[in-house]
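Coordinates in review
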Amino acid sequence: MSDPRYEIYEAGLIGEGMHTPPVLPAGLRRAPGGVDGLRTEHLVVNMGPQHPSTHGVLRMIVELDGEEVVTAEASIGYLHRGIEKVAEHRRYDALGTLMDRGDYVAGIMGELAAALATEQLLEVEVPPKANWLRSLTSELNRIASHLVWFGTFGLDTGAMGQFLYAMRDREALLDILEAISGQRMMFNYVRPGGVVRDLPPGIDAKIREFVDTFENVYLPEHDALLGGNEIFQSRVKGIGVITREQALAFGLTGPNLRASGVKYDVRVDRPYAAYPELDFEVPVGEAGDAWDRYLVRMEEMRQAARMIRQCIDGMPEGPHMAKVPKLIKPPAGEVYAAVESARGETGVHLVSDGSEHPYRFRYRGPSLFALQALEEILPGHLLADVVMIIGSTDVMMGEIDR
Amino acid sequence: MWGAGLLNGLRITLRNMLRGPITVKYPHEKVELPERARWAVEPTFFEDGSPRCTACLTCVRVCPDHILSLDVETREDKSKRIVRFGYEIGACMMCGLCVEACPFDAIEMGHDYELAVTDPAELRRTLLADVDAASAAKHREEKAKASGEAGEGSDA
Ligand code: SF4
Ligand code: SF4
């Protein structure tokens with residue numbers, strides 16, 4: 001090798017230590033120039049907002065030293081629609097239409113959060129049937145949402161087939177939800193006081209059939225196809241570790257928090273709807289890496305299928321809507337209601353001044369907190385792992401930008 | 001053994017291949033919509049072809065996006081004429097709140113989902129134009145007739 005460009009190799013300037021992540025002094029986010037003596041420049045890569053792997057319109061500004069991430073910054077706001085401000089001009093019974101468009105993959109749970117908050121203001125009692133219907137549709141929607149995550153997480157790692165199979169199952173679920181509520185994603189089904197309609201005749205058989213095949217055939221297949229794949233395992237194990245302390249400090253909730261070993265689930269800790277009467281387990285991870293987040297979500301789908309069966313079996317009789325005035329004018333006050341959505345604690349903080357519109361409406365989207373944690377987690381990882389870590393946290397831009 | 005999972009994955013993919021497609025060949029085949037499916041808002045009519053709408057404006061007030069509009073003329077004898085019942089389909093989110101609110105079942109959510117247009121002007125639909133609004137009395141009459149018929153269980 002007489003080419004002067006290669007002298008650097010012969011001089012031994014490149015060698016051991018090059019691939020160890022740069023050690024950052026406490027409090028300092030930017031590594032001082034270059035690896036070893038090379039003094040290569042850092043490269044800033046804009047991932048997104050149109051990048052197919054950043055799940056919607058997330059833009060990550062990643063500063064790279066070679067292949068390693070030095071700093072990562074999430075730039076958000078590309079999907080901002082001003083939902084919180086629009087809500088100040090909406091009547092209480094139309095808040096659900098906004099929540100549908102927040103976390104648009106798991107709309108029922110957002111609607112439920114808004115309905116629960118309004119019910120707290122009104123102090124109405126929801127009939128038991130409505131509670132069971134709420135739990136049933138929530139769990140159906142949770143599986144549909146996790147299936148989207150499952151499919152796209154696989155895509156991030158380079159796998160393709162599982163995405164198509166996940167969409168096939170989600171299609172069956174959306175058909176069921178459409179038959180119940182009238183639309184496939186923007187359900188507008190849960191209202192203050194209950195749910196807008198009872199189950200259509202003959203749907204229980206369809207749900208039972210879906211749950212049986214999903215639980216016994218499709219879900220084990222999904223798990224074997226992606227989780228059983230050694231290449232997938234070797235890529236996701238050990239990356240994107242969020243420790244218990246970090247998870248708590250960042251305010252993570254949902255599967256991301258539980259994968260880090262904290263057993264917190266709104267369904268258990270601040271029960272709502274029919275969850276106190278349902279029998280289910282809350283899966284908890286240990287290491288808090290991408291693999292644990294995968295395991296927790298897969299187990300959640302299994303538990304959701306269990307709950308759906310219980311809901312169908314134990315569905316009580318009675319009205320599905322409490323007596324709520326047509327024009328809702330709650331007394332002045334301030335409430336917070338939360339549900340366990342597919343991504344974590346989706347909360348609605350309502351301030352009422354006694355008029356027919358909320359004075360203030362605040363939407364707590366769990367993905368926002370997961371995204372904040374990413375900025376801390378990503379440095380030190382390879383660029384190729386960045387998309388997988390983003391995928392493993394299942395961030396949803398609709399509820400981050402609102 | 002490393003690689004067993006890969007072979008198993010192949011087996012699963014093959015099994016899925018044999019299951020056959022679940023898609024439909026869309027323009028040639030169409031899926032059946034469930035009865036509750038919500039698409040564009042459509043007016044409904046009495047059997048004699050006159051619109052059921054009484055121009056009470058409830059739906060206009062309820063719509064969260066303020067996209068229904070009603071121009072009404074009131075005659076001297078208090079009967080109403082609908083000059084134009086406007087509907088901006090391009091802004092409608094098909095939430096169904098207007099249909100639920102209508103006290104006279106004068107509108108419904110249609111099942112026509114092929115709503116794309118090439119001319120933006122077509123996004124401003126006119127549901128009803130230049131017709132007499134039904135009166136609440138007519139609705140009462142119809143209701144009485146229907147219940148009477150059900151009671152007798154006879155001629156149509
Ligand atoms: S369906 Fe909803 S958005 Fe459309 S006209 Fe009716 S109330 Fe308005
Ligand atoms: S459609 Fe129904 S709610 Fe709207 S003006 Fe007519 S009668 Fe009233």
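Residues numbered from 1 in each chain as written. Chains lettered and ligands numbered in written order. Predicted model: local features only at pLDDT ≥ 70, side-chain atom pairs only at ≥ 80, totals over all residues. Heavy atoms only, no water.

**A short note on the pattern of salt bridges**
Oppositely charged side chains may form a pair once their charged atoms are brought near each other. Quick reminder of the rule: Basic side-chain nitrogens of Lys or Arg form a salt bridge, by our definition, when they fall within 4 Å of a carboxyl oxygen of Asp or Glu. Secondary structure elements follow DSSP: runs of H or I of four or more residues count as helices, runs of E of two or more count as strands, with numbering from the N terminus. The cut-offs for exposure are 20% and 50% of the maximum accessible area for each residue type, with area from a 1.4 Å probe on protein chains only; residues under the lower value are buried, those over the upper are exposed, and the others partly exposed.
The final tally for this structure, using the stated rule, is 35 salt bridges over all chains. In this structure, the salt-bridge partner of B:Asp65 is A:Arg90, at a minimum N-O distance of 2.5 Å. A residue pair is termed interchain when its members come from two chains, as with B:Asp65 in the loop between helix H2 (58-62) and strand S2 (68-74) and A:Arg90 in the loop between helix H2 (83-87) and helix H3 (95-100). A:Asp265 is the partner of A:Arg267 in a salt bridge, and the nearest nitrogen-oxygen pair spans 2.8 Å. Here the two residues A:Arg267 and A:Asp265 agree in accessibility, since each one is buried.

**So, the sheet that holds strand S8 (residues 360-364) of chain A**
Residue and element names in this part refer to chain A. As a reminder of what qualifies: Note on pairing: two strands pair once DSSP finds at least 2 bridges between them. Orientation is described by axes fitted as lines to C-alpha atoms, over the contacting stretch for helices, and by angles from 0 to 180 degrees between their N-to-C directions.
Strands sit in the order S6-S7-S8 across an open sheet of 3 strands; the sheet is antiparallel. One side of each edge strand has no neighbouring strand; the edge strands of this open sheet are strand S6 (333-341) and S8. Shown here is a sheet whose adjacent strand axes are inclined to one another by a mean of 10°, direction ignored. Pairing between strand S7 (residues 344-352) and S8: 5 bridges, direction antiparallel. Each residue of the ladder has a partner; that of Gly-347, found in S8, is Arg-364.

**Comments concerning unusual backbone geometry**
Despite not being glycine, A:Asn188 has its phi angle at roughly 50°, a positive value. Position of A:Asn188 among the secondary structure elements: in the loop between helix H6 (161-181) and strand S4 (190-191). Given a relative accessible area of 1%, A:Asn188 falls into the buried group. Phi at B:His66 takes a positive value of approximately 50°, unusual for a residue other than glycine. Topologically, B:His66 is positioned in the loop between H2 and S2. Note on B:His66: relative accessible area 61%, which makes it exposed.

**A look at the sheet that holds strand S3 (residues 80-88) of chain B**
All names here are of chain B. Reading across the sheet, the 3 strands line up as S2-S3-S5 and stay open at both edges, with antiparallel pairing between neighbours. Each having just a single partner strand, S2 and strand S5 (124-132) make up the two edges of the open sheet. Sheet twist, expressed as the average angle between the axes of neighbouring strands with direction ignored, equals 10°. When S2 meets S3, the two strands line up antiparallel, connected through 7 bridges. Note on S3: the bridge partner recorded for Asp-71 is Arg-84.

**A few points about the interface of chain A and chain B**
Selection criterion: Should any heavy atoms of two residues lie within 4.5 Å, those residues are counted as being in contact. Joining two parts hides part of their accessible area as seen by a 1.4 Å probe, and the buried area is that hidden amount summed over both. Polar contacts, as used here, are pairs of N or O atoms within 3.5 Å; protein pairs need one atom able to donate a hydrogen and one able to accept it. Residues neighboring in sequence count only if both atoms are side-chain atoms. In this classification, the charged set is Asp, Glu, Lys and Arg, the nonpolar set is Ala, Val, Leu, Ile, Met, Phe, Trp, Tyr, Cys and Pro, and all remaining amino acids, among them Gly, are polar.
Opposite the 32 residues of chain A that make contact, chain B presents 27 residues. Where chain A abuts chain B, roughly 2400 Å² becomes buried across the two surfaces, and 50% of that area is made up of carbon and sulfur atoms. As a salt-bridge pair, B:Arg15 and A:Glu221 come within 2.7 Å of each other at their nearest N and O atoms. Connecting chain A to chain B are 18 residue pairs in polar contact (both at pLDDT 80 or more). Among the elements of the structure, H6, helix H7 (203-227) and helix H8 (230-236) of chain A are those that each provide at least two residues to the side of chain A that touches chain B. Sort the elements by how many residues they give to the side of chain A that touches chain B and H6(A) lands first, with 6 residues. The residue inventory of the side of chain A that touches chain B, partitioned by class, reads 14 nonpolar, 7 polar and 11 charged.

Spatial relationships are all this shows, so hold off on functional conclusions.
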